[in-house]
Amino acid sequence: MRVHTAVIPAAGLGTRFLPATKSVPKELLPVIDVPALQLIIDEAVGAGIDHLVIVNSRNKPSIEAYFADAPEVIDKLEASGRAEMAERMRAIGRDVQVSFVYQHAALGLGHAVGCARDAVGDEPFAVLLPDEIMGSSELLSAMCAVCVATGGSVVGLKRVPMQEVSAYGVIDPIGEIDADGVVAIRDLVEKPAVTDAPSDLIIIGRYVLTPDVFEAIAELKPGAGGELQLTDALRVQAARGPFHGVLRDVRRYDTGNPVGWLSAVVELALDHPRYGADFRVELERVLDRDPS
Ligand code: G1P
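Every value quoted in this text rests on a predicted model; they were computed, and no experiment measured them. Chains are numbered independently. Their residues run from 1 in the order of the written sequence. Reporting of local features is limited, given that this is a predicted model, to residues whose pLDDT is at least 70; pairs of side-chain atoms are given and counted only at 80 or more, and all residues count toward the totals for whole chains, interfaces and linings. Hydrogen atoms and water are omitted, and side-chain values are computed over all heavy atoms in the structure.

1. Here we look at the overall build of the protein
Alright, step 1. Helical segments are the DSSP runs of H or I of at least four residues, strand segments are the runs of E of at least two, and each set is numbered from the N terminus. Along the protein, the regular secondary structure elements total eleven helices and 13 strands.
Alright, step 2. Note that the radius of gyration is over C-alpha atoms, with the globule rule given as 2.2 Å times the number of residues to the power 0.38. A globule of 292 residues ought to have a C-alpha radius of gyration of about 19 Å, and the protein, at 20 Å, matches this closely.
Alright, step 3. C-alpha extents for the protein along the principal axes are approximately 60 × 50 × 35 Å.
Alright, step 4. Think of it in three bands: with a 1.4 Å probe and only protein chains considered, a residue is buried below 20% of the maximum accessible area for its type, exposed above 50%, and partly exposed in between. Counting the 292 residues in the protein, one finds 46% classified as buried.
Alright, step 5. Any two residues whose heavy atoms approach within 4.5 Å are treated as being in contact. A separation of at least 24 residues holds for 76% of the contacts in the protein among residues at least 6 apart in sequence.
Alright, step 6. In short, Shrake-Rupley with a 1.4 Å probe defines the accessible areas, and a residue's cover is counted only from the protein chains shown. Per element, the accessible surface of the protein, about 14500 Å² overall, is 53% carbon and sulfur.
Alright, step 7. Averaging the positions of the 27 positive and the 42 negative side-chain charges in the protein gives two centres separated by 3 Å. His is not counted here, nor are the chain ends, while Lys and Arg score as positive and Asp and Glu score as negative. A charge is said to be at NZ when it belongs to Lys, at CZ for Arg, at CG for Asp and at CD for Glu.

2. Some words on the packing of aromatic side chains
In this description, an aromatic ring pair is defined by two values, namely the gap between the centres and the angle between the planes.
Alright, step 1. Geometry of aromatic contacts follows a simple scheme: Phe, Tyr and Trp rings, the Trp one being its six-membered ring, pair when their centres are within 6.5 Å, and the pair is stacked under 30 degrees between planes, edge-to-face over 60, tilted otherwise. Overall, the coordinates contain four aromatic pairs when judged by the stated rule.
Alright, step 2. Judged by centre distance (6.0 Å) and plane angle (65°), the ring pair of Phe-67 and Phe-100 falls under edge-to-face. Of this pair, Phe-67 sits in the loop between helix H2 (61–65) and helix H3 (71–79) while Phe-100 sits in strand E5 (residues 97–102), and the two are 33 residues apart along the sequence.
Alright, step 3. Looking at Phe-67, the relative accessible area reads 16%, which means it is buried.

3. Looking at helix H7 (residues 138–150)
Alright, step 1. The span one expects for a helix is its residue count, reduced by one, times 1.5 Å. A rise of 1.5 Å per residue sets the reference length of H7, with its 13 residues, at 18 Å; its end C-alpha atoms lie 18 Å apart and thus fit the reference within 8%.
Alright, step 2. Those residues of H7 that fall on the buried side of the exposure criterion are Leu-139, Leu-140, Ala-142, Met-143, Cys-144, Val-146 and Cys-147.
Alright, step 3. The positive-phi residue at the C-terminal boundary of H7 is Gly-151, with phi of around 75°.

4. A short note on the pattern of salt bridges
Alright, step 1. Salt bridge, as applied in this entry: a Lys or Arg side-chain nitrogen positioned within 4 Å of an Asp or Glu carboxyl oxygen. All told, the structure shown has 20 salt bridges when counted by the stated rule.
Alright, step 2. Two residues, Glu-43 and Arg-206, come together in a salt bridge whose shortest N-O distance is 2.8 Å. One end of the pair, Glu-43, is in helix H1 (residues 36–46); the other, Arg-206, is in strand E11 (residues 201–209), with 163 residues separating them in the sequence. Judged on exposure class, the residue Glu-43 and its partner Arg-206 are both buried.
Alright, step 3. One salt bridge in this structure joins Asp-200 and Arg-159, with 2.8 Å as the shortest N-O distance. Taken together, the residues Asp-200 in the loop between strand E10 (182–190) and E11 and Arg-159 in strand E8 (residues 153–159) connect sequence positions 41 residues apart.
Alright, step 4. Of the residues examined, Arg-159 reaches a relative accessible area of 45% and is grouped as partly exposed.
Alright, step 5. Beyond isolated ion pairs, a larger network of salt bridges with shared partners links Glu-78, Glu-87, Arg-90 and Arg-94.

5. Describing the site of the ligand
Alright, step 1. Being near a molecule or strand, for a residue, comes down to having at least one heavy atom within 4 Å of it. Close to the ligand lie Leu-109, Leu-129, Glu-132, Tyr-168, Gly-169, Glu-190, Lys-191, Ile-203, Gly-205, Tyr-207, Gln-229 and Thr-231, which account for all nearby residues.
Alright, step 2. Any pair of N or O atoms that falls within 3.5 Å is considered a polar contact. Within protein, one atom must be able to donate a hydrogen and the other to accept it, and sequence-neighbouring residues count only if both atoms are side-chain atoms. Taking Glu-132, its side chain carries an N or O atom lying 2.6 Å from an oxygen atom of the ligand.
Alright, step 3. In this structure, Thr-231 approaches the ligand through a side-chain N or O atom, which is 3.3 Å from an oxygen atom.
Alright, step 4. Per-element tally for the shell around the ligand: the top contributor is E11, with three residues.
Alright, step 5. Among the residues forming the shell around the ligand, the class breakdown is five nonpolar, four polar and three charged. Under the scheme applied, nonpolar residues are Ala, Val, Leu, Ile, Met, Phe, Trp, Tyr, Cys and Pro; charged residues are Asp, Glu, Lys and Arg; polar residues are all the others, including Gly.

6. Brief notes about the environment of His-4
Alright, step 1. One can find His-4 in the segment before strand E1 (5–9).
Alright, step 2. With a relative accessible area of 24%, His-4 lands in the partly exposed category.
Alright, step 3. Placed 148 residues apart in sequence, His-4 and Gly-152 show a C-alpha to C-alpha distance of 16 Å.
Alright, step 4. Not counting chain neighbours up to four residues away, the residues in contact with His-4 comprise Gly-48, Ile-49, Asp-50, His-51 and Glu-123.

Following this line, the structure appears as structure tokens:
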């Protein structure tokens, strides 16, 4: 058994990025010169995924357009000697089969994942929330391996200062985190008050789930914020066990808000093989600018 399908919930309205997202889906906003969605796809492919299920809304047809053939542009690039860019264009979506399903109303993350049920089928699958960008596929690969080894669902974890936990799903661990960063989980709670939080370990936007989660999703009642919460479906799985979390020291950017987005772009740009050196000079000039 291996994990070969990934679900990417992408039907959100992107209200934190209005007015940019009035006509451009947040998932297609550029991180340097690629849409954010491409970084999510690269991470998934790097972890062995070859089937993507994008949960889209009918109001965002440009996400599908990103995967369409573009023969005119490619011909033009080739005719003008830009073979490398022509190849990058051809490679979009080539290593993966891409399916689209539609979420007709924003009822919550649990509902969004549930929309992918038929496209996923009866096998374990990954979920990647596109609001978070990872520096590599390492965490997701490790999570897939834990799911295969244990036969249970797995969530990605991060330790945060206690006063930040209320913005996230929080886990109740069983015992200590082992040397590989793996910990068994007893329970999970979505957006608890600080005083009610069972730990300072939050769920980040990476999941590897066994397909019985779809039955729990089908039974969901509105939870935190009145939404159908994925975390509440995971509680059902955790109560049955096995259920694990993986904590890894990987680079992670929370691009769900404009400041997080800017930080990601700046840090990734400084490391960029083509633009990094020039950008560093520019950034230093900006930082040295006389504040008056
Ligand atoms: C969602 C999940 C939450 C998780 C978070 C990670 O929350 O419901 O459990 O911790 O993603 O980013 P949202 O950010 O949609 O409120």
